[in-house]
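Here is how the chains run, residue by residue.
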Amino acid sequence: MSTKKGRLTGEHFMLGDHACAEGAVLAGCRFFAGYPITPATEIAERMSVRLPQVDGNYVQMEDELASMNAILGASWAGVKSMTATSGPGFSLMMENLGLGIMLETPCVVVNVQRGGPSTGLPTLVGQQDMMQARWGSHGDYEVIALSPSSPQELFDLTIRAFNLSEKYRTPVLVMTDAEVGHMTEKVVIPPLEEVEIINRPEVQKGDIEPDLFRIYRNSPQNSPGYISPMVKAGEGYRIHVTGLTHDERGYPAMNAEANEWNVSRLMEKIRANRKDIIELETDKLRNAEVVVISYGISARTSLWPIEQARKEGIRVGYLRLITVWPFPEDTISKLAKKVNAFVVPEINMGQITREVERSTGGDARVFGVHKPGGDILNPRDVLAAIRKAAAAVQKA
Amino acid sequence: MSTGEMHRSERLRILNYDTPAVSDWETGLHPMDDLLRGERLPHIWCQGCGLGTALTSFISSLKWLEKNRGWDLDKVAVVSGIGCTGRIAGYVRLDSFHTTHGRAIPFATGLKIANPDLKVIVISGDGDIAGIGGNHLIHAARRNLSITVVCVNNFNYGMTGGQVGPTTPHEARAVTAQYGNYEFPFNLPYLATASGASFVARWTVLHARRLTWTLRNALTHSGFSFVEIIAPCSTAYARWNPEGKGLDPENLRRRGLEVMKHYQKVGKIDHDVHPKDAHVKVNNQGEILEIIEGEFLDETRPDFKEAINQRADLAEKYWLSEKGTLDKRKVLTSRKKRVPRKEIQLGGFGGQGIMSAGKIIGMAAAVFNNLQACFTQSYGPEARGGAAGSQVVIASSPIHHPHLTQPTSMIIMSQGAYDKYVADLAPGGVLLIDDELVTLPADHRKDIKTFGISATKIAEQAGNNRAANTAMLGFWTAVEGIVDKDAMQESIAESVPPKTIKLNLDVFEAGHKIGLTIDK
Ligand code: SF4
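Residues numbered from 1 in each chain as written. Chains lettered and ligands numbered in written order. Predicted model: local features only at pLDDT ≥ 70, side-chain atom pairs only at ≥ 80, totals over all residues. Heavy atoms only, no water.

It is worth spelling out the overall build of chain B at this point. Along the backbone of chain B there are 18 helices and 15 strands. Here the C-alpha atoms of chain B give a radius of gyration of 35 Å, more than 25% beyond the 24 Å that 2.2 N^0.38 yields for 520 residues. In terms of overall dimensions, chain B has a C-alpha envelope of 105 × 65 × 40 Å along the principal axes. Taking all 520 residues of chain B together, the buried fraction comes to 54%. Only carbon and sulfur atoms are counted for the fraction: they give 52% of the accessible area of chain B, which is about 22,200 Å². A distance of 1 Å separates the average location of the 58 positive side-chain charges in chain B from that of its 55 negative side-chain charges. (Helix = DSSP H or I, 4+ residues; strand = E, 2+ residues; numbered from the N terminus. Rg over C-alpha atoms; globule rule 2.2 N^0.38 Å. Buried < 20%, exposed > 50% of the residue type's maximum accessible area, 1.4 Å probe, protein only. Areas by Shrake-Rupley, 256 points an atom, 1.4 Å probe, with all protein chains shown as cover. Lys, Arg positive; Asp, Glu negative; His and termini not counted. Charge placed at Lys NZ, Arg CZ, Asp CG, Glu CD.)

Residues and elements named next belong to chain B. Along the polypeptide, Thr235 turns up in the loop between β6 (225-230) and α9 (237-240). Distance in space between the C-alpha atoms of Thr235 and Ala395 is 74 Å, their sequence separation being 160 residues. Not counting residues up to four positions away in its chain, the partners in contact with Thr235 are Cys46, Leu252 and Arg255. (Contact = heavy atoms within 4.5 Å.)

A few words on the interface of chain B and chain A. The partner chain A presents 89 residues to the 81 residues of chain B that form the contact. Carbon and sulfur atoms make up 55% of the surface buried where chain B meets chain A, a total of about 7,200 Å² over both sides. Across the chain B-chain A interface, the total number found is 9 salt bridges. When the shortest N-O distance is used, the salt bridge between A:Glu95 and B:Arg103 registers 2.7 Å. Linking chain B to chain A there are 45 residue pairs in polar contact (both at pLDDT 80 or more). Its residues placed into classes, the side of chain B that touches chain A shows 34 nonpolar, 25 polar and 22 charged. (Buried area = accessible area lost by both parts, 1.4 Å probe. Salt bridge = Lys/Arg side-chain N within 4 Å of Asp/Glu carboxyl O. Polar contact = N/O pair within 3.5 Å; in protein donor to acceptor, adjacent residues only side chain to side chain. Nonpolar A, V, L, I, M, F, W, Y, C, P; charged D, E, K, R; others polar.)

Quick look at the nonpolar core now. Core analysis: the biggest nonpolar cluster contains 101 residues, and A:Trp76, A:Phe342, A:Ile352, B:Phe97 and B:Leu111 have the highest contact counts within it. Take this core: its biggest share by element is 8 residues, from helix α4 (residues 87-103) of chain A. Beyond its immediate chain neighbours, meaning those up to four positions away, A:Ile352 contacts A:Met130, A:Tyr295, A:Leu321, A:Val324, A:Trp325, A:Phe327, A:Val344 and A:Glu346. Counting residues in hydrophobic clusters, the runner-up holds 78 residues, among them A:Ala24, A:Ile43, A:Met183 and A:Ile314. (Core = buried A, V, L, I, M, F, W, Y, C linked by side-chain atoms within 4.5 Å.)

Two aromatic rings, taken as a pair, are described by how far apart their centres are and by the angle between their planes. Scanning the model with the defined rule gives 8 aromatic pairs over all chains in all. Consider the rings of A:Trp325 and A:Phe327, whose centres lie 5.8 Å apart with planes at 45°: the pair is tilted. Pair check on accessibility: A:Trp325 and A:Phe327 agree, each one buried. Among the aromatic residues, those joined into a cluster by ring pairs are A:Trp76, B:Phe97 and B:Phe107. Over the aromatic face of B:Trp25 sits the side chain of B:Arg93, whose NZ or CZ is 4.1 Å from the ring centroid. We note B:Arg216 situated over the ring of B:Trp64; from NZ or CZ to the ring centre the distance is 4.1 Å. (Phe/Tyr/Trp six-rings, centres within 6.5 Å; stacked < 30°, edge-to-face > 60°. Lys NZ or Arg CZ within 6 Å of the ring centre and 35° of its normal.)

Successive side chains on a regular strand alternate, one facing one side of the sheet and the next facing the other. Of the two faces of strand β2 (residues 95-98) of chain B, the one lined by B:Asp95 and B:Phe97 and the one lined by B:Ser96 and B:His98 are each fully buried. Inspection of the sheet shows strand β10 (residues 240-242) of chain A paired to β2(B) by 3 bridges, in the parallel sense. From the neighbouring strand, A:His240 faces β2(B), where its bridge partner is B:Ser96. Inspection of the sheet shows strand β1 (residues 76-80) of chain B paired to β2(B) by 4 bridges, in the parallel sense. Bridge pairing links B:Val78 to B:Ser96 in β2(B). (Pairing = 2+ DSSP bridges.)

Residue and element names in this part refer to chain A. In spatial order, the strands read β11-β13-β12-β15-β16; together these 5 strands make up an open sheet with mixed pairing. Looking at strand neighbours, the two that pair on one side only are β11 (280-283) and β16 (365-370), the edges of this open sheet. Across the sheet, the mean angle from the axis of one strand to that of its neighbour is 20°, orientation sign disregarded. Relative to strand β13 (residues 316-321), strand β12 (residues 290-294) runs parallel, the two sharing 5 bridges. Within β13, the residue paired with Ile293 across the bridge is Leu319. Relative to the sheet, helix α11 (residues 303-311) contacts β11, β12 and β13, its axis offset from that of β13 by approximately 165°. (Axes fitted to C-alpha atoms, helices over the stretch in contact; angles between N-to-C directions.)

A separate point is the domain arrangement of chain B. Taken domain by domain, chain B consists of domain 1 (35-306) and domain 2 (329-516). Measuring from the centre of the C-alpha atoms in domain 1 of chain B to the corresponding centre in domain 2 of chain B gives 63 Å. (Domains from an automatic or database assignment.)

Summarising the sheet, strand β9 (residues 184-189) of chain A and strand β11 (residues 372-377) of chain B pair through 2 bridges and their orientation is antiparallel. Bridge assignment links A:Glu185 to a residue of β11(B), and that residue is B:Cys374. Sheet analysis places β11(B) next to strand β12 (residues 387-395) of chain B, joined by 6 bridges and oriented antiparallel. Bridge pairing in β12(B) links B:Gln377 to B:Ser390.

Residues and elements named next belong to chain B. Its 15 residues place the ends of helix α13 (residues 354-368) 20 Å apart at the C-alpha level, agreeing with the 21 Å of an ideal helix rising 1.5 Å per residue. In terms of residue burial, α13 counts as a mostly covered element, since 12 of its 15 residues are buried. Of all the positions in α13, only Ile354, Ala357, Gly358, Ile360, Ile361, Gly362, Met363, Ala364, Ala365, Ala366, Val367 and Phe368 are classed as buried. With its phi angle positive at about 50°, Asn370 sits one or two positions after the end of α13. (Expected span 1.5 Å × (residues − 1).)

We now examine the domain arrangement of chain A. All names here are of chain A. The assigned domain composition of chain A is domain 1 (10-194) and domain 2 (281-395). Taking only C-alpha atoms, the centre of domain 1 and the centre of domain 2 are 27 Å apart. Every contact between the two is made by 29 residues of domain 1 and, on the other side, 23 residues of domain 2. Here domain 1 packs against domain 2, burying approximately 2,000 Å² in sum over the two surfaces, 55% of which is carbon and sulfur.

Take the site of the ligand next. In the vicinity of the ligand, the contacting residues are B:Trp45, B:Cys46, B:Cys49, B:Cys84, B:Asn154, B:Gly158, B:Cys233, B:Ser234 and B:Thr235. Of the residues that constitute the shell around the ligand, the class distribution is 5 nonpolar, 4 polar and no charged. (Near = heavy atom within 4 Å.)

At the junction of A:Thr38 and A:Pro39, the peptide bond is cis and its omega measures out at 0° in the coordinates. The omega angle of the peptide bond from B:Leu41 to B:Pro42 is 5°, so this bond is cis rather than trans. For B:Pro42, the position within the fold is in the loop between α1 (8-15) and α2 (51-69). With a phi angle near 70°, B:Phe155 is a residue other than glycine that sits in the positive phi range. A relative accessible area of 3% means that B:Phe155 is categorised as buried.

Moving on to the packing of helix α12 (residues 329-338) of chain A against helix α13 (residues 351-360) of chain A. All names here are of chain A. Relative orientation of the contacting elements α12 and α13 amounts to 60°, with a least axis distance of 8 Å. The angle between α12 and α13 falls in the class oblique. Classified by chirality, the crossing of α13 by α12 is right-handed. Of α13, the residues touching α12 (which contributes Glu329, Ile332, Ser333 and Ala336) are Val356, Arg358, Ser359 and Thr360. Broken down by class, the residue content of the contact of α12 with α13 amounts to 3 nonpolar, 3 polar and 2 charged. (Parallel < 35°, antiparallel > 145°, perpendicular 65-115°, else oblique. Left-handed = near helix turned anticlockwise from the far one by under 90°.)

Right, here's the structure in full:
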């Protein structure tokens, strides 16, 4: 079969959810397990059509618990894998997102966020799962989450999510929303040759004596953030992996020291590589008195109010979190010493606002623009918040 | 570049992998040593537990398959969940995955589908497979994927201290059923059969040799195979129930043995019985009176992977059609004139193609006129039947706000949509209606421009009233001039079913012609 098969290089007018699926296919995803849920269903629909065309497999599982596990299994078979869901399904996936993190398994989980809690607003937008993305599974860990603001970016970031997951051997979350997922816009699919595709560090049959192989090895130089190579099932290494606290062989180790070693390695590999993982878009931060910090669809709808405020003479800077987790606290903490206030628009009751507050350490005031799910933010509310932030600062 | 394509030495250099000097694989502790992780022994199981026998039968069957059927045991993967049985994955020297509680089967499903060359075996307990993972069991059986599920049933949750479970016999005792179990247990072979498994068997660990044979059959079976192994839990279950009661609580080995003796007494081999009747019969004290054992079912049906592969031709056909459309696409010159933000509302009833009309406009603008376009539609109950609405924003510069703030252009094809949307139109905006479907009221807005055509009639005359939306699009293109005519034509040709392209383009042309005559 031609290696070019399955590529839709060119310009498209494409649904966000479909763009996500196309990004996955281009990134090399060949296994999708999912369960229908609005507004993420179109990702599954598209994958069910596309994967069989590229020798991949689509499986509709019995629920999201199963979906999450199936993609972990597929990943250990050496195949790039993905699932997509929304709030209620995301909750079910938390159990085995933890397993994926613990086993250090590359895979991608897309959450097309809708209004919550519970069944909430199935068809309408929300950004209310941002903290669940960070803390949703039990125990201590670090996570990578990206937030796109257009179908094109959903395409691009799905590819990036696969690259990061392969590079750092961990599940990566694409935290999009109903607005972006259900929006149709121009999407340019570049030729594969122009796209950076990263594959996991991997040893193969015969590379190393199986009895000398360690599935969770420390760095030779003990350098932090080292990613130890993976091996897929069937290569003769007779590996064992477990969700229990384990040692470098993957064997259960039931004591506090082992837990410290295990948890530190999960956290360190993300923390030590923050520079590579964190992607931000910034505009006019130099000399800014007020900085708008936002992400996803809310960042996009903040652009008009920012333009307006600038016309009114307010020096507004803009910082968009393309990577939301790990959080760019260093950048914000430095910025807080220079600017007077932050405005944080988001479609929830202040989840990332609190992170910004934490990062400022009290050096700048923080004004949230909040509403629960159901609709994108009214640009006038964001403009009002920018004005308020600017005025409050002048008084101070 | 993938490390997979590199030479081994290069790969190892890049991976920066520090190989330990000494192996810690321990061997020589057990005759089955090459399949056991000696370094992990002794195991955590209690004396008198049936799990050791179950494990021995399992690895014996693998050794036999290696010797007599040429199996490459490097290709065998064992997946288990949580519980005493779940620990088996940690003791076998095979690729082994100790997953979360109940989730071994879906993990195995991913493993097997992604690499069909692997032999994938799930071994876990009754609580794991029939309790918390019950849903996964029935669905995996239904798919008839070629994996083997071995469920060791000890009638209770052993690892957590002996709580009642989905297989605890009625009236039997457990830590959380000290007054007697008031629930009824699953009959696992029957459950697996009813769910679609194509190989189903049950043995107690007393019949270790028969169990080994059955495991060979299950492992070589094409399709979903299910083997229940009934095993004594000497510590927990036997403590509470007649089989082990009254025995020295310290003498677990003895207790396990007594339970085995009991199995010998009550076990009845019957391969021909329908799984429905393959019971574990108890008296009103929960004491087991009879256990039916045997290989109850061995059927040949296409397995899951075969069923998927049968569809390869259809997938190819879809692909060629989609790629063909893309390859045929003409490249038009980008639109020279700057387009300030335009907001278009389309409205009608379900079935009129309000969504596709909006999408056609957006595609014409974005793909063929190289403008920015953002198309959104109403979802949910609102979008099913009844009123349908879609929105398009078009501009030369990036579209920040994806929703309409105040539409300047409207295409309305039903009275309901007129009532719903007309007030939103900006003063001076353009309203286009199908004038046979919309009757303007006496107090119709005077501050907007209203034009109508009989779109449905035009489409009907051309042979298909479902093309009324393209008549409206032709009309809109001529009146508004936001998007080029050829861009619209290309967009229509790509969007409608191939057989209706000509008809749609004719109808578009008819609408366009009338549009040109309008005096704006
Ligand atoms: S608790 Fe029961 S099942 Fe678990 S190891 Fe002990 S005897 Fe075996």
